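Read off the chains here:
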Amino acid sequence: MTHYRITHTTTYTYGDPVSLCQNVAHLTPRSSPRQRVERTVMSVTPEPAVFEERLDYFGNPVTYFTVQEQHTELVVRVSHRMVVRPDTPMPTATPPWEEVRAQLRRDRSPAWLDAYQYAFDSRFAAAGKTPSDYAAASFTSGRPILDAALDLTRRIYMDFVYDAKATTLATPVAEVFETRRGVCQDFAHVELACLRSLGLAARYVSGYLSTLPPPGRPRLVGADATHAWISIFCGDAGWVDLDPTNNQVPADRHILLAWGRDYEDVSPLKGVILGGGRHEVKVSVDVAPVS
Amino acid sequence: MPSGLSDAPATDTNHPWYPPIPGGYDEAHDPAGRLRSHWTPFFKALDELGPAELAERWRDAQHLIRENGVTYNVYGDPRGMARPWQLDPVPLLIAPAEAAHLERGLIQRARLLEQILADLYGPQRLLQNGLVPPELIFPNPGFLRPCHGVRLPGERFLHLYATNLGRGADGHFRVLGDRTQAPSGAGYALENRIVMTRTFPEAFQDCRVHRLALFFRTLRDTLRSLAPRNKDNPRIVLLTPGPYNETYFEHAYLARYLGYTLVEGGDLTVRDGRVFLKLLGGLQPVDVIFRRLDDDYCDPLELWPDSTIGVPGLMQAVRSGNVAVANALGTGVLETPALMTYLPRLCRELLGEELWLPSVSTWWCGDPDGLRYVVDHFDEIVLKPTFPAARMEPVFPSELTKDQRAALLEKVKARPHAFVAQERLQLSTAPVLTGNQPAPRKVVVRAYLAAHGDGFAIMPGGLTRVSSGPDALVVSMQRGGGSKDTWVLAAGPVSDFSLLPAAGRVELTRAGGDLPSRAADNLFWLGRYAERAEGTTRLLRGAAVRLAERSGLADLAELPGLLRALALLAEGHTPLGIPEDPGPAVVASVFDVARPGSLAGIVRDLRRVAGVVRDLISTDMWRVVNGLSDFPADPAATFGSDGPTPAEVLDRLNRTVIGLAAFGGLAVESMTRGEGWRFLDLGRKLERAMHTIALLKGTLVYAAPNEGPVLDAVLEVADSAMTYRRRYMGTLRAEAVLDLVVLDESNPRSLCAQLAALEDDVSHLPRPARLAGRGPDQRLALAALGAVRLAEAEKLAATFDNSRPDLRTLLDEVGTLLPALSDTITLQYLSHLTAARHLSGTT
C-alpha cells in the first residue's frame with residue numbers, strides 16, 4: 001500500500017477584473033478497486049457564492065462553483081490523502097479482441113452495457129481511417145485483446161515524440177497523427193481513437209503521476225504533474241489501464257482522478273468568465289508519498 | 001399577386017381545378033375529379049367572391065404580410081433577412097373525423113416519446129432490455145449526459161411538441177418526423193391564420209373552423225405552471241438565437257402574442273444558481289425559459305463549449321430546480337429518425353397499446369435486417385443521416401449517377417450505423433393559387449401539441465408547407481416552398497375565444513415592463529441611425545438641389561460648405577479640396593453602400609437595427625422603416641448607364657426625408673416615455689446635435705464676405721428657414737442665424753434644444769437610490785448644455801481672419817463632450833453586455 005498526500009493548485013491571474021466566473025471542476029478523486037480516497041478538500045479563493053458537489057454521468061465527483069465578487073486572481077486548491085495498491089493483478093489470459101467486440105454489440109448486462117458507451121466516437125477521440133490503419137498492425141486476427149493493446153501502447157510510445165510545445169489542449173487526433181508529437185492527453189486520444197476504430201471500448205483517465213527523484217537527490221515539490229492515460233475494457237477480465245506516454249501499465253504511481261470518453265468529459269477545471277482581459281494560468285502539483 | 005388568379009376558372013364545384021394526378025391522393029378532389037365534400041363550403045364562399053374580388057383581397061393580404069414584416073430567413077438567399085413569407089390563399093382543410101383520428105394518434109405518440117425520454121434520462125431500462133439500440137443513444141449528439149438524472153417540474157419533458165405529417169397515395173396520414181427540442185412554426189401558423197381570417201372572413205365563418213387561441217392559452221398555462229417560484233406572476237422569457245436565425249420573425253411574434261420578454265443568451269446571466277434577466281434597473285429573476293435554441297447551444301459551460309448564444313451556468317440552474325426550461329434540455333435525442341423503427345414495440349411495452357398513427361416506413365442500417373432491406377431496395381428509399389446534427393441533406397439514390405450511387409452504397413455498408421432509410425411516400429397534393437394556374441402541390445402538415453395537465457392538447461390547425469413544384473422531392477421552406485393555413489373543421493359550433501385581448505382580469509399598470517439592457521442599446525442605435533439618416537438626407541438634398549439647378553461650382557458659394565459638412569459626418573475630418581464636378585460624389589454618397597457615411601449604408605444599418613428591436617417598436621414604426629426607399633446597389637441597373645438624373649436623386653431624397661419624419665413623429669407621438677423611449681431619444685438627440693455641429697463646422701466656422709447663400713443653406717438643412725423668415729423677413733445675418741440654429745432653445749432643431757433634451761433624458765435614467773449627487777453622464781450632459789446656454793450670438797458670429805473663432809471653440813467643446821457622454825452611457829448601462837468567454841483549460 002502506498003499512501004500519498006497530494007496538493008494541486010491552479011491559479012488564474014487576470015489583466016482586468018473578472019466580475020463573474022462559473023466553473024466546473026473534476027478535481028476530486030474517485031475511488032476504484034486500485035485506490036481509496038481517505039480525505040479530500042477543495043478550497044477556492046475568493047470565496048465562491050455557490051459551491052455544489054455531485055456525481056457526473058460517469059460516476060466522477062464533480063464540483064460546480066461560482067465566484068461573484070470582483071477579482072483579479074482565482075486560486076483553486078485541492079489536497080487529497082489517498083491509498084493506492086502497489087500492484088494491480090494483471091489478467092493472465094484475455095479473449096481474442098474480435099470476441100470482445102462481438103459481445104459488446106450484443107450483451108446488455110450492466111457491465112457490458114456500461115463499457116459499450118466508451119466504444120463510440122467523442123469529440124476528441126473519434127474513429128477514422130488513419131487510427132484504424134495504425135491499430136491494425138497490433139490487432140491481428142485472433143490476438144488476445146490485452147496482448148494487442150499492450151503492443152499498441154508500446155508502438156505509440158515508440159512512434160510519437162513527447163513535446164509540450166507541439167500541441168494545444170484541443171489538438172485533433174488527425175493532427176497528432178500528422179506531426180507524431182504531443183503530450184499525455186494527445187497520446188491518450190490517439191490510443192482511444194485507435195481502439196474505437198476497431199469497435200472496442202476504451203476510456204480516458206485523468207489523474208496524477210508521482211515522479212521519482214534521481215537517486216540521491218531530494219524530491220522537488222511541485223515538479224509532479226497531472227497526467228492522462230487510458231483504460232481498455234477486456235471483457236470479463238475487466239478494465240485495464242494503459243499509459244502510452246510512458247509505455248506502462250499504471251500501478252501505484254498513477255493516481256486516478258476521473259474517467260470519461262475524452263479530455264472534455266473530465267478536464268480538471270473549466271470555466272466561463274465575464275471580463276478578465278488577458279489571463280494566465282499556473283498549475284502546481286505535489287504528490288508526496290507518506291509512510 | 002399571381003396574375004393567374006384573375007384567370008382562374010369559375011370555382012364551380014362541379015369542375016375540378018386541375019386534372020387528377022394518376023395514382024396520387026389529392027386533398028381537395030377525389031380520383032374522379034369531384035370536389036371532396038368537406039371542401040365545398042370553402043369553394044362556394046370563394047365562388048361568391050368572384051375572381052376580381054378574390055384577386056383584390058389577396059393583393060391586400062400580401063400587402064399585410066409585407067407590412068407586418070413576416071419573413072423567413074433563407075440562408076444564402078440574396079433577399080437574405082427580408083424574404084417575405086410565402087402564403088397560399090387556399091388553406092388545407094381537414095375534416096372533423098380525420099382531425100379526431102390524428103388527435104388520438106398524436107397525443108398517444110407524445111405520451112410515448114415522453115416516457116422514452118424519462119427512461120433515457122433515468123434508469124435506461126430500454127437499453128438494458130434491448131428495446132432501444134444503444135447505438136442510437138450513446139453516440140447521439142442529442143443525448144446530453146449532464147441532463148441525466150435532473151429532476152424536472154412535473155416530470156414533463158415536452159411542453160411544445162411537433163410532428164410532420166404526410167398523407168400517402170393510400171389516403172392515410174403518417175408521421176414523417178418528430179420535433180422534440182424547440183419546434184418552429186407555431187407562430188407562422190398563427191400569423192397565417194390572422195391573415196386568412198382578415199382576408200376571407202366569409203369563408204372562415206362558413207367552414208366552421210376551429211380557433212387556435214385556446215391552444216395557445218393551454219401552452220401559456222403550461223409554461224406558467226412550470227415556474228419553481230413566483231407562481232402567481234412568474235417571469236417567462238422566450239430565448240431566441242437572435243435575428244439571424246431563420247425563424248426570428250416568429251420568435252418576436254410569439255413573444256409578443258404570449259406576453260413574454262424576447263431575450264438572447266446575452267440578456268441572461270446565472271448568479272447564485274438562478275437565472276436573471278439583465279435589465280437597465282438591475283437583475284430580475286427569471287422563472288421559466290421558453291427556448292428556441294437547440295439543446296446543446298444553451299450552456300457553453302456544460303454543453304457545447306463553442307456556443308456563443310447560450311447562457312453559461314444554465315444547466316446548473318436547471319439542476320438546482322431554480323429555473324424551468326421548455327422543452328427540457330436533452331429532448332433532441334429523440335430527433336433521430338431511426339427511433340421510428342422501434343416505436344410500435346415501445347408503444348406496446350410502455351403504454352400497453354398499439355401505435356395508433358404509423359410512422360413512415362423507416363429502416364435503420366445499423367440493424368442487419370434494415371441494412372439488407374436498404375441494399376436490396378436502394379432506389380426506392382430516401383437516405384438520411386441517423387443523427388440530424390450530421391447536417392447531411394436527404395439523398396435519393398435513384399436520382400444519382402451510377403458511380404455516385406455505388407459510392408454511396410459503399411459508404412452505407414462501411415458505416416451502417418450512420419444512415420437511416422425511409423420509404424418514398426408519394427405525398428398528397430392540394431390546390432395552390434400561387435402559379436399562373438391553379439395547380440396541385442405536395443403538402444406536409446406540421447402539427448403541434450402542448451403539454452396539458454398530465455397529458456397533451458393538440459393545436460386544431462398547424463402549419464402546412466407546400467412544395468416548390470409539383471415534382472419536388474422535398475417539401476421545405478429552405479428549399480423555396482410556401483405555406484398554407486390549416487383549417488380543422490368543426491363538427492359543431494366553434495368557440496370564438498381569442499387571446500388578443502388579454503384573458504382574465506388585468507392588473508392596471510403604467511409601467512411598460514422592464515427593459516433589457518441589450519434592448520436599450522439597440523433602441524439607442526435605432527435612434528442614432530434614424531437621425532443620422534435624416535441629417536445626411538437633408539445635407540445631400542441641399543447639395544443635390546443646388547447641383548440640379550446650376551451648372552458650375554463658381555455660382556455655388558454654399559456648396560463647398562455642405563460638402564465639407566458631409567465629409568465631416570462621414571469621415572470625421574474636412575476634405576482637402578472639393579472636386580471640380582461634385583455630382584458623382586454626391587450620387588455615390590446616396591447610393592454606394594460601401595462608401596463611408598453613405599445614405600444607403602445608413603439606411604441599411606437602420607433597417608438592421610429596426611429588425612432587431614422589432615418586438616419593441618410599434619408596427620407603424622417598423623412599417624415606416626421597412627418602407628424607406630431602396631437604394632439599389634447598382635444604380636445603373638435601375639436608372640440606366642447614365643445613372644440617376646438629378647431629379648431622380650432628389651425624388652429619392654425627398655421621399656426619404658418624409659419617411660424619416662414620419663418615424664420621428666411616431667417616436668414622439670406613439671411611444672410611452674419609458675426607458676426604451678429614453679434610449680431611443682438619447683440616440684436621436686445625440687446624433688442631431690452632432691449633425692448640427694458638423695453642419696456649422698463645415699459652413700459658418702468659415703467667414704466670407706458674401707454669405708447670403710451659405711446662411712440660406714444652413715437654415716434649409718437645419719430645417720429652420722420658415723422660423724427665420726417669420727422673425728427676420730429677408731434680412732440674412734450670421735448672428736441671427738446662429739441664434740436660431742445654436743442658441744434658441746424654443747427651436748426644436750437648435751443645438752441647445754438637443755442638449756436640453758439630452759440632459760432631461762439622462763436625468764430620467766434609472767440609477768441607484770443611494771448614489772448622492774450627479775452621475776458622470778449627468779455631469780457631461782449638463783456641461784454641454786451649460787456651454788451653449790452661456791454663449792452669445794454676437795460673439796459666436798464675430799469674425800477674425802476669415803473664420804469665427806468663438807463659434808469654433810464652442811463647437812469643439814460640445815463636439816468633445818457628446819462622444820464622451822455616449823461612452824459614459826454605454827459604460828454605465830450597457831457594459832455588462834460584454835460576452836462571456838472560456839478560461840483557458842488546464843491539464
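Criteria and thresholds
Residues numbered from 1 in each chain as written. Chains lettered and ligands numbered in written order. Predicted model: local features only at pLDDT ≥ 70, side-chain atom pairs only at ≥ 80, totals over all residues. Helix = DSSP H or I, 4+ residues; strand = E, 2+ residues; numbered from the N terminus. Rg over C-alpha atoms; globule rule 2.2 N^0.38 Å. Buried ≥ 20, exposed ≤ 12 C-beta atoms within 10 Å, placed from the backbone. Contact = placed C-beta atoms within 7 Å. Core = buried A, V, L, I, M, F, W, Y, C linked by C-beta atoms within 7 Å. Expected span 1.5 Å × (residues − 1). Arc of directions from axis to C-beta. Nonpolar A, V, L, I, M, F, W, Y, C, P; charged D, E, K, R; others polar. Pairing = 2+ DSSP bridges. Axes fitted to C-alpha atoms, helices over the stretch in contact; angles between N-to-C directions. Parallel < 35°, antiparallel > 145°, perpendicular 65-115°, else oblique. Left-handed = near helix turned anticlockwise from the far one by under 90°.

*Asks:* What should I look at first to understand the overall build of chain A in this one?
*Replies:* Summing up its helical and strand segments, chain A has seven helices and 13 strands in all. In terms of C-alpha radius of gyration, chain A reaches 20 Å, essentially the compact-globule figure of 19 Å for 291 residues. Along the first, second and third principal axes, the C-alpha set of chain A runs to 60 × 40 × 40 Å. Among the 291 residues that make up chain A, the fraction classed as buried is 47%. Restricting to contacts in chain A with at least 6 residues of sequence separation, those with at least 24 account for 76%.

*Asks:* What's the story with the nonpolar core in this structure? I'm lost.
*Replies:* If you look at soluble globular proteins, the nonpolar side chains tend to sit buried side by side. Residues and elements named next belong to chain B. Formed by 159 residues in total, the largest nonpolar core has its most connected members in Leu 238, Val 275, Ile 289, Ala 447 and Leu 449. Once residues lying within four places of it in the same chain are set aside, the contact partners of Val 275 are Leu 268, Val 270, Val 286, Ile 289, Val 311, Leu 314, Ala 317 and Val 323. Residues Leu 280, Leu 526, Leu 628 and Phe 631 belong to the second largest nonpolar core, which totals 102 residues.

*Asks:* How should I be thinking about helix α4 (residues 145-159) of chain A in this particular structure?
*Replies:* Since there are 3.6 residues in each turn of an α-helix, residues three or four apart along the chain are aligned in direction. Residues and elements named next belong to chain A. Spanning 15 residues, α4 covers 21 Å between terminal C-alpha atoms, matching the ideal 21 Å at 1.5 Å per step. Buried residues of α4: Ile 145, Leu 146, Ala 148, Ala 149, Leu 152, Thr 153 and Ile 156, and no others. Each buried residue of α4 lies within a common arc of 160° when the element is viewed along its axis, so the set occupies one face. Among the structural elements, α1 (97-106), α3 (129-136), α6 (184-197), β9 (225-233) and β10 (239-242) are those in contact with the buried residues of α4.

*Asks:* Explain the interface of chain B and chain A to me, please; I cannot follow it from the model alone.
*Replies:* In many reports, interface size means the accessible area that the parts give up when they come together. Each partner contributes residues to the interface: chain B has 28 residues there, and chain A has 31 residues. Looking at the side of chain B that touches chain A element by element, the count peaks at three residues for strand β6 (residues 268-271) of chain B. Partitioning the side of chain B that touches chain A into residue classes produces ten nonpolar, 13 polar and five charged. Here strand β12 (residues 269-275) of chain A pairs with strand β19 (residues 837-838) of chain B via two bridges, running antiparallel. What sits directly across from Ile 273 of chain A, in β19 of chain B, is Arg 837 of chain B.

*Asks:* How do you make sense of the packing of helix α20 (residues 675-698) of chain B against helix α27 (residues 805-830) of chain B when you look at a structure like this?
*Replies:* Residues and elements named next belong to chain B. Look at α20 against α27: their axes get within 10 Å of each other, and the N-to-C directions meet at 155°. For the element pair α20 / α27, the angle class is roughly antiparallel. At the point where α20 passes α27, the crossing takes the left-handed sense. Across the interface between the two elements, Leu 682, Leu 686, Ala 689, Met 690, Ile 693, Leu 696 and Lys 697 from α20 touch Leu 807, Leu 811, Val 814, Gly 815, Leu 818, Ser 822 and Ile 825 from α27. Counted by class, the contact of α20 with α27 contains eleven nonpolar, two polar and one charged residues.

*Asks:* Just to check I follow, could you spell out the pairing of strand β1 (residues 2-25) of chain A for this structure?
*Replies:* Regular strands place side chains that alternate from one sheet face to the opposite one. Residues and elements named next belong to chain A. Bridging between β1 and strand β5 (residues 71-84) involves 13 bridges; their strand directions are antiparallel. Considered in β5, the bridge of Thr 13 is made with Glu 73. Of the strand pairs in this sheet, β1 and strand β13 (residues 279-290) are connected by twelve bridges, and their pairing is antiparallel. Bridge assignment links Thr 10 to a residue of β13, and that residue is Val 283. Bridge analysis of β1 against strand β4 (residues 61-67) gives five bridges, and the strand direction is antiparallel. Residue pairing for β4: Gln 22 is matched across the bridge by Thr 66.

*Asks:* How should unusual backbone geometry be read in this particular structure?
*Replies:* Among all residues save glycine, negative phi is the norm, and among peptide bonds the norm is trans. Residue Pro 46 of chain A follows Thr 45 of chain A across a cis peptide bond; omega there is -5°. Considering the arrangement of structural elements, one finds Pro 46 of chain A in the loop between β2 (35-45) and β3 (50-55). Of note, the bond from Ala 326 of chain B into Asn 327 of chain B is cis; its omega dihedral lies within 30 degrees of zero at -10°. Summarising the element assignment, Asn 327 of chain B is placed in the loop between β10 (324-326) and α10 (343-351). One non-glycine residue with positive phi stands out, namely Arg 180 of chain A, at about 60°. Relative to the helices and strands, Arg 180 of chain A resides in the loop between α5 (173-179) and β7 (181-182). Of note, Asn 230 of chain B is a non-glycine position whose phi angle comes to about 50°, a positive value.

*Asks:* It is not clear to me how the sheet that holds strand β11 (residues 362-364) of chain B should be interpreted in this structure. Could you clarify?
*Replies:* Residue and element names in this part refer to chain B. Judged by pairing direction, the sheet is antiparallel, and its three strands sit side by side in the order β11-β13-β12 without closing on themselves. What marks the edges here is a single partner per strand, and that holds for β11 and β12 (381-385). For this sheet the average axis-to-axis angle between neighbouring strands, irrespective of direction, equals 25°. Relative to strand β13 (residues 419-423), β12 runs antiparallel, the two being bridged by five bridges. Across the sheet, Lys 384 pairs through a bridge with Val 420, a residue of β13. Strands in contact with helix α11 (residues 368-376) are β11, β12 and β13; relative to β11, the strand with the most contacts, it is inclined by about 115°.

*Asks:* Would you explain the sheet that holds strand β8 (residues 202-209) of chain A in this entry?
*Replies:* Each strand in a sheet pairs with its neighbour through backbone hydrogen bonds, running either in the same direction (parallel) or in the opposite one (antiparallel). Residue and element names in this part refer to chain A. Pairing in this open sheet of four strands is antiparallel, and the strands run β10-β9-β8-β11 from one edge to the other. Of all strands in the sheet, those bounded by a partner on one side alone are β10 and β11 (254-260). With strand direction ignored, the average angle separating the axes of adjacent strands in the sheet is 35°. As paired strands, β9 and β10 are joined by four bridges and run antiparallel to one another. Along β10, the bridge assignment pairs Ser 231 with Asp 241. Where α6 meets the sheet, its contacts fall on β8 and β9, and the angle it forms with β9 comes to roughly 10°.

*Asks:* Please clarify how the pairing of β6 of chain B should be interpreted in this entry.
*Replies:* Residues and elements named next belong to chain B. Two elements, β6 and strand β7 (residues 274-279), share four bridges in a ladder whose sense is antiparallel. Across the sheet, the residue bridging to Leu 268 is Leu 277, located in β7. What sits between the antiparallel neighbours β6 and β7 is a turn of two residues, in which Asp 272 has the positive phi angle 50°.

*Asks:* What is the right way to read the packing of α4 of chain A against α6 of chain A from this model?
*Replies:* Packed helices, taken two at a time, are described by the angle between their axes plus the distance between the axes. Residue and element names in this part refer to chain A. Here α4 crosses α6 at 140°, and the two axes come no closer than 11 Å. Classified by the angle between their axes, α4 and α6 sit oblique to one another. Where α4 crosses over α6, the two elements pack in a sense that is right-handed. Note on element contacts: α6 touches α4 through Phe 187, Val 190, Glu 191 and Cys 194, opposite Leu 152, Thr 153 and Ile 156. The residue makeup of the contact of α4 with α6, split by class, is five nonpolar, one polar and one charged.

*Asks:* Sorry if this is basic, but what is going on with helix α14 (residues 559-571) of chain B here?
*Replies:* Residues and elements named next belong to chain B. Between the first and last C-alpha of α14 there are 18 Å, a value that for 13 residues agrees with the 18 Å anticipated at 1.5 Å per step. Of all 13 residues in α14, ten are buried; the element is thus mostly enclosed. Those residues of α14 not exposed but buried are Leu 559, Gly 561, Leu 562, Leu 563, Arg 564, Ala 565, Leu 566, Ala 567, Leu 568 and Leu 569. Looking at the buried residues of α14, the elements they touch are α13 (517-549), α15 (583-591), α20 and α21 (708-717). Two residues or fewer past α14, Gly 572 is found with a positive phi of approximately 90°.

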